[in-house]
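What follows is the residue order along each chain.
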Amino acid sequence: MLLSPALFISAVLFTLGVAGVLFRRNAIVIFMCVELMLNAVNLTFVALAQSLGMGGQVFVFFVMAVAAAEAAVGLAIILAVYRHKQSVSLQTMNLLKDG
Amino acid sequence: MTLTFFRIFGVIAMGSALLCITRKNPVASALWLVVTLFALAALFVLLDAQFIAALQILVYAGAIMVLFLFVIMLLNLGRPGPTDIRGPVGLLTAAVLAGALLLQLRVLGQATLPSSIQLPPGTISALQQQQGIVGSVANPLFDTYLVPFEIASVLLLAAIVGAVVLAKRKL
């Protein structure tokens, strides 16, 4: 059965996505890491759909719709921030920080 | 045979994901992410989800990654500059937290499904033979999951309007 290797690959991909979010400062790269995490979850859904029914594959469809919406809005926010700060580094997004 | 191909594409996916998060240049990161998405599409095919694999290539590798590359090039972020990777403290924190998460996910992955809820092997393939590869996804989508499907269309409309409002200089 492919379930166990699929869950392993999914866990590694999700962890790589989390690590990328934690150690990068570029907002666009962090967005790509979020997409990586969503894809890792999709792999789990598809792997479990094999033994638990088609609901998993249908849910992947919804995850893709939400990911597309999130990418469009997120990149628009990055564009708006870039216009103010001339940078997409998270270090410059400190408007709410004290001092 | 299937397991061998599964492992090959899994290694490609994990390796290119690692390269994606470690490349300094955002364009290189995006292209390695495209490689990961293609390898994942291959894994979906091996897991009896051919329609989802086609969607993965059309929607993710096609539309979403083009959007990413478009924004990277619009903002001219591909030029060499100072690295955006955090210092040693940040790297160590990220490694520790990610390691703890991986450990937890591996423990979760060891759990076995109760056999009472498992379908007998080959059920999905039989369903696809009977209803077609697209039909086997479409039937539950427009039947059991009709309300979530309509809500997803509203979500996409809101995202379109939101993206235009956010990205426009002056309304």
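Note that residues are indexed from 1 along each chain, following the sequence as it is written. Both sets of labels track the order of writing: A upward for chains, 1 upward for ligands. Only residues with pLDDT of 70 or above have their local features reported here, since the model is predicted, and side-chain atom pairs are shown and tallied only from 80 upward, although totals for entire chains, interfaces and linings are computed over all residues. As a rule here, side-chain values come from all non-hydrogen atoms in the structure, and water together with hydrogens is ignored.

J.: How would you explain the overall build of chain A if you had to name every residue and give the values?
T.: Secondary structure summary: chain A contains three helices and zero strands in total. As defined in this context, the radius of gyration uses C-alpha atoms, and a globule is described by 2.2 Å times the residue total to the power 0.38. Over its C-alpha trace chain A gives a radius of gyration of 17 Å, far above what one expects of a compact globule, namely 13 Å for 99 residues. Along the longest, intermediate and shortest principal axes, the C-alpha atoms of chain A span 55 × 25 × 20 Å. For chain A, the proportion of its 99 residues judged to be buried stands at 62%. As displayed, chain A has an accessible area near 3,800 Å², and 71% of this comes from carbon and sulfur atoms. Every helix listed is a DSSP run of H or I at least four residues long, and every strand listed is a run of E at least two residues long, numbered separately from the N terminus. The buried label applies to any residue whose accessible area, calculated with a 1.4 Å probe on protein chains only, is under 20% of its type's maximum; exposed applies above 50%, and partly exposed to all values in between. Computed with a 1.4 Å probe, the accessible areas rest on the Shrake-Rupley method; for each residue, only the protein chains presented here act as cover.

J.: For the interface of chain A and chain B, give the residues involved together with the corresponding values.
T.: Every contact between the two is made by 66 residues of chain A and, on the other side, 74 residues of chain B. When two components associate, each loses some accessible surface as probed by a 1.4 Å sphere; the sum of these losses over both components is called the buried area. Both faces considered, chain A and chain B share a buried interface measuring about 6,500 Å² in area, 79% of it formed by carbon and sulfur atoms. Any carboxyl oxygen of Asp or Glu within 4 Å of a side-chain nitrogen of Lys or Arg constitutes a salt bridge here. The tally of links between chain A and chain B comes to one salt bridge. Across the pair A:R24 and B:D84 runs a salt bridge, and its minimum N-O distance is 2.9 Å. For the purposes of these results, a polar contact is taken to be a pair of N or O atoms within 3.5 Å, where, inside protein, one atom must be able to donate a hydrogen and its partner to accept one; residues adjacent in sequence count only when each atom of the pair is a side-chain atom. Our count for the chain A to chain B interface comes out at 14 residue pairs in polar contact (both at pLDDT 80 or more). Considering every element that reaches the side of chain A that touches chain B, the biggest residue donor is helix α3 (residues 55-85) of chain A, with 23 residues. Contacts were defined at the residue level, with two residues in contact if any of their heavy atoms lie within 4.5 Å.

J.: Summarise the packing of helix α1 (residues 3-23) of chain A against helix α2 (residues 27-52) of chain A; cite the residues concerned and give the values.
T.: Residues and elements named next belong to chain A. At their nearest, the axes of α1 and α2 sit 8 Å apart, and the two run at 165° to each other. As summarised for this structure, α1 and α2 are arranged roughly antiparallel, according to the angle between their axes. Helix-helix and strand crossings are classified by hand; for α1 and α2 the assignment is left-handed. Contact with α1, carried on its side by L3, A6, L7, I9, S10, L13, F14, L16, G17, V18, G20 and V21, involves I30, C33, V34, L36, M37, A40, V41, L43, T44, A47 and L48 of α2 and no other residues of that element. Axis angles are defined between N-to-C directions and span 0 to 180 degrees, where every axis is a line fitted to C-alpha atoms and, for a helix, only to the segment in contact. Here the angle decides the label: under 35 degrees means roughly parallel, over 145 means roughly antiparallel, 65 to 115 means roughly perpendicular, and every other value means oblique. By convention, the crossing between two helices is left-handed when the near helix turns anticlockwise from the far helix through less than a right angle, and right-handed when the turn is clockwise.

J.: Tell me about the nonpolar core, residues and numbers included.
T.: Within the largest apolar cluster, 61 residues are counted, with the highest numbers of intra-cluster contacts made by A:I28, A:M32, B:F68 and B:L75. Looking at this core, the elements with two or more residues in it are α1, α2 and α3 of chain A together with α1 (2-22), α2 (26-46), α3 (50-74) and α4 (88-110) of chain B. Sequence-distant contacts of A:I28, that is, excluding residues within four places in its chain, are made with A:I78, B:F68, B:V71, B:I72, B:L75 and B:L77. Take the buried Ala, Val, Leu, Ile, Met, Phe, Trp, Tyr and Cys residues and link them wherever side-chain atoms come within 4.5 Å; each set so joined is a nonpolar core. Counting residues in each nonpolar core, the second largest holds seven residues, with A:M54, B:I124, B:V137 and B:L141 among its members.

J.: Any chance you could break down a nonpolar patch on the surface for me, citing the residues and the numbers?
T.: Residue and element names in this part refer to chain B. Patch definition: residues with relative accessible area over 30% and no salt bridge; like charges joined within 9 Å; nonpolar side chains (Val, Leu, Ile, Met, Phe, Trp, Tyr) joined within 5 Å. On the surface, M1, F5, I8, I12, W32 and V35 cluster together into a nonpolar patch covering about 560 Å² of accessible area. For the nonpolar patch, the secondary structure elements donating two or more residues are α1 and α2. Here the nonpolar patch takes three residues from α1, the largest share from any one element. Position of V35 relative to the elements: it lies in helix α2. Among the residues examined, V35 registers a relative accessible area of 32% and is labelled partly exposed.

J.: Go over the side chain of A:S10 with me, naming the residues and quoting the values.
T.: All names here are of chain A. Looking at the element boundaries, S10 is found in helix α1. Judged by its relative accessible area of 5%, S10 is buried. Polar contacts involving the side chain of S10 include one to the side chain of T44, which spans 2.6 Å. Ignoring any residue separated from it by four or fewer positions in sequence, one finds S10 in contact with A40, V41, L43 and T44.

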